[in-house]
Amino acid sequence: MTKFANVLIVDDNVHDLEFLTLAFKSHGEVNVSGEMKPVSALGRIRTEKPDVVILDIKMPDLDGFGVLSLLRGEGNMIPVVMCSGSALQKDVDRAYAGGCSGYVEKPSTLEDYRTMAGAIVEYWRRGELPRH
């Protein structure tokens, strides 16, 4: 089986970053890297050109909405899946209005993280993850 994607996970919480990384790596055909600093993540997205970005919303200095806005503002249409602890409809609406490809609420267990990662991998494999 070929590699699914190069995934960049952006989350300032070390535990969430670890769970997300383990979850995506459990699917075998995924290259995963992580970044805890949103500003550094922007540089990595521009230079490394990952296939998909998993982006937290609440981060210091620059939140996920800001990262998404900067990317879309410069014409970078990389698929971005927002992964947040917030299930508030206003946050979901704002993320989609900003051009995200998907929005998922952060799971509470490693098994749930694996399920979420598997769904993203499967959508990508089928070509169902929207590309803006």
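Structure shown above.
Summarised in this report is the structure supplied together with it. Treat the numbers as computed from the prediction; the structure is a model and nothing was measured. (Residues numbered from 1 in each chain as written. Predicted model: local features only at pLDDT ≥ 70, side-chain atom pairs only at ≥ 80, totals over all residues. Heavy atoms only, no water.)

### Examining the packing of aromatic side chains
Each aromatic ring pair is characterised by the separation of its centres together with the angle its planes make.
So, point 1. In this structure the tally under the stated criterion is one aromatic pair.
So, point 2. Ring geometry for Phe 19 versus Tyr 113: centroids 5.3 Å apart, planes at 85°, classification edge-to-face. Here Phe 19, found in helix α1 (residues 14-25), pairs with Tyr 113, found in helix α5 (residues 110-126); they are 94 residues apart in sequence, far enough to count as distant.
So, point 3. The class for Tyr 113 is buried, based on a relative accessible area of 1%. (Phe/Tyr/Trp six-rings, centres within 6.5 Å; stacked < 30°, edge-to-face > 60°. Helix = DSSP H or I, 4+ residues; strand = E, 2+ residues; numbered from the N terminus. Buried < 20%, exposed > 50% of the residue type's maximum accessible area, 1.4 Å probe, protein only.)

### A look at the packing of α1 against α5
So, point 1. Two elements in contact, α1 and α5, have axes separated by 8 Å at closest approach and are oriented at 55°. With respect to their mutual orientation, α1 and α5 come out oblique. Read as a crossing pair, α1 and α5 show a hand that is right-handed. Of α5, the residues touching α1 (which contributes Asp 16, Phe 19, Leu 20, Leu 22, Ala 23 and Phe 24) are Leu 110, Tyr 113, Arg 114, Met 116, Ala 117, Ile 120 and Val 121.
So, point 2. Looking at the contact of α1 with α5, its residues break down into 11 nonpolar, no polar and two charged. (Axes fitted to C-alpha atoms, helices over the stretch in contact; angles between N-to-C directions. Parallel < 35°, antiparallel > 145°, perpendicular 65-115°, else oblique. Left-handed = near helix turned anticlockwise from the far one by under 90°. Contact = heavy atoms within 4.5 Å. Nonpolar A, V, L, I, M, F, W, Y, C, P; charged D, E, K, R; others polar.)

### Comments concerning unusual backbone geometry
So, point 1. Residues other than glycine seldom take positive phi values, yet Lys 49 does so here, at roughly 50°.
So, point 2. By secondary structure assignment, the location of Lys 49 is in the loop between α2 (38-48) and β3 (52-55).
So, point 3. The exposure class assigned to Lys 49 is exposed, which follows from its relative accessible area of 58%.
So, point 4. Located in the positive-phi region is Asp 61, a residue other than glycine, with phi close to 70°.
So, point 5. The class for Asp 61 is exposed, based on a relative accessible area of 79%.

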